[in-house]
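These are the residues of each chain, in order.
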Amino acid sequence: MTDARLDRWLAPWVFVLTGVIFNILSAVITHYFIGLNNDRINLIDREIQQKQVLIDSLWQSKTEVERKKEFFILLLVDKPAHPGLTESYYREYLQEVMKTNGLQEFETRMQQHSGTDLELLLDLSSAAQQSIIESINNSYFESLELQEQKMPLEGANSRLFSIAIFLQVTGLILVLARDLRRH
């Protein structure tokens, strides 16, 4: 190359234009691509939070089933003053547990027994707790899968951020280099 061509190629406006282009690319990467990934990450975080709320709610339901089972055991062991009222509450509770936990297989057994049946209460409560624990486990594993989906996005953001910083710094250096070329 001749000196004239080299001077034209290394003209200050070339440095400035290249620096501006690098800074624009840096802004696009930062605000568009990283922004898209951040939107996905935020969506995944919300889903993870919902799973955690569900897990907490299910755990509370399991504890409630345990407490009500203990309550009815105490109530049924001690001869109630109003057996008809106790049986009504007992049946209502069993219906609620069956409906809430999808345990319709106990329906026929409940219809076969009139009055209060401690064994039915224990079996139904145990099945309800097992169903709740399975739901907790499923929600927990879904939460872990969401965490795994989030990791590549965070890694991509990290790489994109490094590239954007490199472009921005290089662009600033090129803009400042125009002054050096003049001297």
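Residues numbered from 1 in each chain as written. Predicted model: local features only at pLDDT ≥ 70, side-chain atom pairs only at ≥ 80, totals over all residues. Heavy atoms only, no water.

### Remarks on the packing of aromatic side chains
Note on aromatic pairs: each is described by the distance of the centres and the angle between the planes. Taken as a whole, this structure holds five aromatic pairs when the rule is applied. Note on Tyr 32 and Phe 33: the rings are 5.0 Å apart at their centroids and 80° apart in plane angle, and the pair reads as edge-to-face. Chaining the aromatic ring pairs together yields one cluster made of Phe 71, Phe 72, Tyr 90 and Tyr 93. Above the plane of the ring of Trp 59 lies Lys 62, whose end atom (NZ or CZ) is 5.2 Å from the centre. (Phe/Tyr/Trp six-rings, centres within 6.5 Å; stacked < 30°, edge-to-face > 60°. Lys NZ or Arg CZ within 6 Å of the ring centre and 35° of its normal.)

### With respect to the nonpolar core
Grouped together as the largest cluster of nonpolar side chains are 19 residues, with contacts concentrated most on Tyr 90, Tyr 93, Leu 94, Leu 121 and Leu 124. Every element with two or more residues in this core is listed here: helix 2 (12-77), helix 3 (83-101) and helix 5 (118-182). Ranked by the residues each element gives to this core, the list is headed by helix 5, at six residues. Counting five residues, the second-largest nonpolar core is a separate cluster that includes Ile 41, Ile 44, Leu 146 and Leu 153. (Core = buried A, V, L, I, M, F, W, Y, C linked by side-chain atoms within 4.5 Å. Buried < 20%, exposed > 50% of the residue type's maximum accessible area, 1.4 Å probe, protein only. Helix = DSSP H or I, 4+ residues; strand = E, 2+ residues; numbered from the N terminus.)

### Looking at the confidence of the model for the protein
Taken as a whole, the protein shows an average pLDDT of 86; of its residues, 89% reach a score of 70 or greater. Taken element by element, the predicted model of the protein shows its lowest mean pLDDT in helix 1 (residues 3-9) (58) and its highest in helix 2 (92). (pLDDT = per-residue confidence, 0-100.)

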